[in-house]
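Descriptive structure summary
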Amino acid sequence: MANARAFAFPKSARLLSRRDFLTVQDTGLKVSADCVLALAKRRATGAIETRIGFTVSSKVGNAVVRNRVRRRLRQLVRTRRHELPKGLDMVLIARNSAATAEWPAFVRAFDRVTSELKKRFPPP
RNA sequence: GGAGCAGCCCGGGUGAACGCCGGCCACUGCAGGACGGGGUGGCGGGAGGAAAGUCCGGGCACCGCAGGGCAGGGUGCUGGUUAACGGCCAGUCGGCGCAAGCCGCAGGACAGUGCCACAGAAAACAGACCUCCUGUCCCGCGAGGGGCAGGGAAGGGUGAAACGGUGCGGUAAGAGCGCACCGCGCGCCUGGUGACAGGAGCGGCACGGCAAACCCCACCCGGUGCAAGAGCCAAUAGGGGAGCGUCUUCUCCGAAAGGGGCAGACACGGGCGGCCCGCCCGAUGCUCCCGGGUUGCUCGCUGCUUGAAGGCGUCGGCAACGGCGUCUCUAGAUGAAUGUUCGCCGCUCUCCCGGGAAACCGGGAGGGGACAGAACCCGGCUUACAGGGCUGCUCCAGCG
RNA sequence: UGCGGGGUGGAGCAGCCCGGUAACUCGCCAGGUUCAUACCCUGGAGGUCGCAGGUUCAAAUCCUGCCCCCGCGA
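Treat the numbers as computed from the prediction; the structure is a model and nothing was measured. (Residues numbered from 1 in each chain as written. Chains lettered and ligands numbered in written order. Predicted model: local features only at pLDDT ≥ 70, side-chain atom pairs only at ≥ 80, totals over all residues. Heavy atoms only, no water.)

**As for the overall build of chain A**
Within chain A, the secondary structure is distributed over three helices and four strands. Traced from its N-terminal end to its C-terminal end, chain A shows the element sequence α-β-β-β-α-β-α. Looking at chain A as a whole, 38% of its 124 residues are labelled buried. Of the accessible surface of chain A, which amounts to about 7600 Å², a share of 53% is contributed by carbon and sulfur atoms. (Helix = DSSP H or I, 4+ residues; strand = E, 2+ residues; numbered from the N terminus. Buried < 20%, exposed > 50% of the residue type's maximum accessible area, 1.4 Å probe, protein only. Areas by Shrake-Rupley, 256 points an atom, 1.4 Å probe, with all protein chains shown as cover.)

**Concerning the side chain of Thr50**
Examined against the element boundaries, Thr50 turns out to sit in the loop between β2 (36-42) and β3 (51-55). Side-chain polar atoms of Thr50 contact the backbone nitrogen of Gly87, separated by 3.2 Å. Those residues in contact with Thr50 that lie beyond four places of it in its chain are Ala13, Pro85, Lys86, Gly87, Leu88 and Met90. (Polar contact = N/O pair within 3.5 Å; in protein donor to acceptor, adjacent residues only side chain to side chain. Contact = heavy atoms within 4.5 Å.)

**Points about the pattern of salt bridges**
This model, assessed by the stated rule, comprises five salt bridges. A salt bridge links Arg51 to Asp89, with the shortest nitrogen-to-oxygen separation between them at 3.0 Å. Pair noted here: Arg51 is in strand β3 and Asp89 is in strand β4 (residues 88-94), with a separation of 38 residues, a long-range link. For Arg51, a relative accessible area of 17% puts it in the buried group. Here Asp111 ties to Arg80 by a salt bridge, and the two come within 2.5 Å at their closest N and O atoms. Here Arg80 lies in helix α2 (residues 63-80) and Asp111 lies in helix α3 (residues 103-120), a separation of 31 residues in the sequence. The partly exposed category is assigned to Asp111, whose relative accessible area is 34%. (Salt bridge = Lys/Arg side-chain N within 4 Å of Asp/Glu carboxyl O.)

**Some remarks on α3**
Side chains that are three or four residues apart share a direction in an α-helix, a result of its 3.6 residues per turn. In this model α3 runs 26 Å from its N-terminal to its C-terminal C-alpha over 18 residues, within 8% of the 26 Å that 1.5 Å per residue would give. All of the buried residues in α3 are Ala105, Phe106, Ala109, Phe110, Val113, Thr114 and Leu117. For α3, the secondary structure elements touched by its buried residues are β1 (29-33), β2, α2 and β4. (Expected span 1.5 Å × (residues − 1).)

Structure below.
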């Protein structure tokens, strides 16, 4: 059943409230990669699923640009979510350069974030 | 063929892989008193002409509203149109353009107040710096200069603007002093619903400009906004603090001190969501302050023949628009869906190769493809926009 | 989503209401003073008044439409 929808990205795998964003941003671990800034924190209880939220501020561009950046980030997370460590809360913040970045730049940035997080949060 | 004006329309298409939001249906099975929630599958739907800016106008919702007045805001040629508008349509006037057309916050300056820098003699009510003319006196051989009395405002100069303009006559010099044309004012006639236009006449020039200065006039406007508001809701929960006056008549309890009740007066406080008059309220209740709880959920919200809805046809109207008939049903998110990646086709630009005298044709490679993302819903306005299409019209040139 | 404030030499700010000359401080340049520097004294340069259009004889100022920055409430 899990294989049938391996690339799904339902709401249960996303951060949805302002409180969650703030705790991750205040106490989480920073990983910087080109056009993206990632923040991660291990979830308090023994939850398995990694939850991810996106932040694209108005400094990045107008509404069309912001939507495109957020959809590309979500596409990355959707297809390669299984590569990330389990049981984390993450926030991906788009930098200003994300407005003009091409698709390969997003892929390289995600590679950096993934390898860095695997070092910081090794599987038990 | 070139240059230009106006109006309308389009805003890439298609395929694969993997996804997101919502609706309906089926199966599954979690919880169970019930509403419900999860998973899987199937079938439909899923951004714009400006969705933008938030500049106006409405719908809808709550609050307020006996009545009156004052503030405040808006609009501003006329007539229509509309749910309404600062929008739109038609016309008038003024300006620009050879023209098609375009632009205009375009009421009132004898209701009042105010301002008009610098320059200039003088800046709004008339006045006279240089000067012109007449008479007379003085100085000087003379040319001429000066004083006084009077007439005049044509000429010079300053300015954005100088108290009608141009021409002819007239005069000592001049002056609407007279005449013609133009401008201005007044009433009359004609046309028009009206703004206004045209005509003949009279007056003999008085009444400078600025109201996108205060203002006056006419008309319009209650406030706040879907985080409105309603339900789940039991809750006006439970808790702490402060305030609720004075005097008088009558009366009740009491031996008295004092306490209570009704009514009135004067204050005080509160409410009437801009203010005032005015009105209402003030003792098992009311008002204010402190403090506590809420990642709240659902409806509103997106269609039940819906809705100031859209398409087509027809009728009325110059048109905006309206009547009738018929067809269509068209996104509903809430850390916020409507995509991401890779191909192909079409458009366009550059380069290379081949053919050709050239226009061009065939093949290959590379690049470009705008402005911009619904957030309660409509009607407008304004602003941004690669490229393309259609219709009508104007001017110029050539040919027939 | 509603509302408020601001944009003036390189920097900070007046002037705007009530139209006519853009003032001040710091900084910059030149000269003086000093053996030299600083302080001080004298003189000078430097501003499309955010952009566009309009009203007016005349606009930083008044009106209209845009752009940008900052702040506040729900």
